[in-house]
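Secondary and tertiary structure notes
The residues making up each chain are set out below.
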Amino acid sequence: MCGIVGLFAKTDEVQRRLGAHLASMLLEMNDRGPDSAGVAFYRDPAPAEESKLTLHHPDLGYDWAALAADAAAEFGGQPGLRQRVNHAVVTVAAPAEAAEVWVAVAHPEVRLMSAGTVIEIYKEVGLPRVFAERFGVAELDGTHALGHTRMATESRVTTDGSHPFSTGLDLCLVHNGSLSNHNRVRKDLQREGIVFRTENDSEVAAGYLMWRMREGATLDQALEGCLEDLDGFYTFAVGTADGFAVLRDPIACKPAVLAETDEWVAMASEYRAIATLPGAEGARIWEPEPATVYSWEKVPA
Amino acid sequence: MSATTGVETVDLASTPLRELNQRLHDQAKVAEPIGHWQVVNPSGAHALACGLDAPIEVEIMGHAGYYCAGMNQQATVSVHGNAGVGLAENIMSGVVRVTGNASQAAGATGRGGLVIVEGDASARCGISLKGADIVVRGSVGHMSAFMAQTGRMVVLGDAGDALGDSIYEARIYVRGSVKSLGADCIEKELRDEHRDEIGELLAAAGVEGVDPGKFHRYGSARKLYSFHVDNAGSY
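Quick notes on the rules
- Residues numbered from 1 in each chain as written.
- Chains lettered and ligands numbered in written order.
- Predicted model: local features only at pLDDT ≥ 70, side-chain atom pairs only at ≥ 80, totals over all residues.
- Heavy atoms only, no water.
- Helix = DSSP H or I, 4+ residues; strand = E, 2+ residues; numbered from the N terminus.
- Rg over C-alpha atoms; globule rule 2.2 N^0.38 Å.
- Contact = heavy atoms within 4.5 Å.
- Areas by Shrake-Rupley, 256 points an atom, 1.4 Å probe, with all protein chains shown as cover.
- Buried area = accessible area lost by both parts, 1.4 Å probe.
- Salt bridge = Lys/Arg side-chain N within 4 Å of Asp/Glu carboxyl O.
- Pairing = 2+ DSSP bridges.
- Axes fitted to C-alpha atoms, helices over the stretch in contact; angles between N-to-C directions.

As a further point, take the overall build of chain B. Helix and strand counts for chain B come out as two helices and eleven strands. In sequence order, chain B lays out its α and β elements as β-α-β-β-β-β-β-β-β-β-β-α-β. For a compact globule of 235 residues, the expected C-alpha radius of gyration is about 18 Å, and chain B comes in at 18 Å, within 12% of that figure. Over its C-alpha atoms, taken along the principal directions, chain B stretches across nearly 55 × 45 × 30 Å. Summarising the internal contacts of chain B: among those between residues at least 6 apart in sequence, 27% fall at separations of at least 24. Counting only carbon and sulfur atoms, one obtains 49% of the accessible surface of chain B, whose full area is about 9600 Å².

As structure tokens, this is what we get:
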């Protein structure tokens, strides 16, 4: 089944309370995906010339301070460190690409969840409401965020198999549905140098977007490519540094509801998640058309 | 069977959904059913008020999830909010009304009764309709009335792609625009009997001040395989 939620703030007030709003949306989708949950928040931009990584290590006692000190030794500056359960956001005085390569070589024991200047991804197995409580999702602010609750179908319930999946710098994907040609597409993408960590179909969709954008496609073009190259059922929500996009398969098998007010844009698998938002009763509400890319972006100040 | 007066309120914040549905089902077995029910705090629960078979009125005071009022017989179920996928699926008789929007497959396979959506219905509204009537004050999404066999659908707004694809003998009336017609679905002449039919359906749905003459009628061109007399021997 799986549940997807997304929220894009149009006002400072909604930005401040983004986590509280997204957490209540996620809780409504608890029963749609009791196996694991995850969120991607776009928040707290890294200082100019710096980047931030979200990293995961299963051991709660992992020495993140030592890793942050290593980053400072490598890149200079004062690396920032914020631990959240078994995840940590490390700010590094280097571009995200260099930071990504460094952490893979110097600390192969940690898993990279996201890299960029604004994105933070947290995900873990277990009930979404336990996840939201444990990770303090309600405390987070941000410009926009996506969340996912997973009911696993074709691959194992693991942290790596949880959503959101990183699809590049400041990009992520959440998926409700199942792809039928993912083994074939995975092989093709592996030949192109895309690395996969799981047997999960959604990770293939994430890898596909990553590859298309690496080859020069815009996000909209990459999403339109999904319509040609991915076979199966899907509602995708994709987070970018400036906003998010939604795409449903050509038959629109999987549910999706969009709603917009002057304060926010929201997307969810079911309306009940949107009903938790302030002003939902007056929102413009519609279900996205099949095979159509919808996207929202921050208006530059 | 004669129903009692007074309102029975059930709070789903404290009552399990199965208990509510069981109590509603039990109304079919008693001589004097409780005639009027209000369900508060529905919070988008799935399978609300499904399988009813008594002349009772059930008001759901909030949003309903999937398959609300499925298989309804005799009862009048109103959702004061939005409804999820599969509203009034396979409705047999009675009335199901939603004050907001209905998600995909509203009224699917319905055999009788009336489904009223006061907002928009999304994709596949009235798919495989088998005799029920559907009135939508807003618009319907893509693939609505797909393979609809009999019954009537009145849409005051617009229709999405592939309206009436592979339709049999159901009749579709749309006042607004139709994005595209599905295979074997064509526009047909709107005659007096159709205007009368639209007028009756609008009245039944409580829609006032709408001119039945402003609608377009769509139905089957009867060109697909199963309509060819040459294929009669195949059955």
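Next up on the list: the interface of chain A and chain B. Tallying the contact residues gives 17 residues for chain A and 14 residues for chain B. Buried surface at the junction of chain A and chain B, both sides included, amounts to about 1100 Å², of which 44% is carbon and sulfur. Broken down residue by residue, the surface that chain A buries against chain B is led by A:Y271, A:R272 and A:E287, which jointly contribute 37%. Our enumeration of links across chain A and chain B arrives at one salt bridge.

Next up on the list: the sheet that holds strand β6 (residues 111-116) of chain A. Residues and elements named next belong to chain A. Read from one edge to the other, the open sheet built from four strands follows the order β4-β5-β3-β6, with strand pairing classed as antiparallel. At either margin of the open sheet sits one strand with a lone partner, and together these are β4 (80-84) and β6. Taken over all neighbouring pairs, the strand axes of this sheet differ in orientation by 20° on average, direction set aside. Where β4 and strand β5 (residues 87-92) come together, five bridges link them in antiparallel fashion. Bridge pairing links R82 to V89 in β5. The strands that helix α3 (residues 64-75) touches are β3 (51-56), β4 and β5; relative to β5, the one it contacts most, it runs at about 15°. Helix α4 (residues 96-106) rests against β3, β5 and β6 of the sheet, and its axis sits at about 30° to β3.

Nothing here speaks to function; it is geometry throughout.
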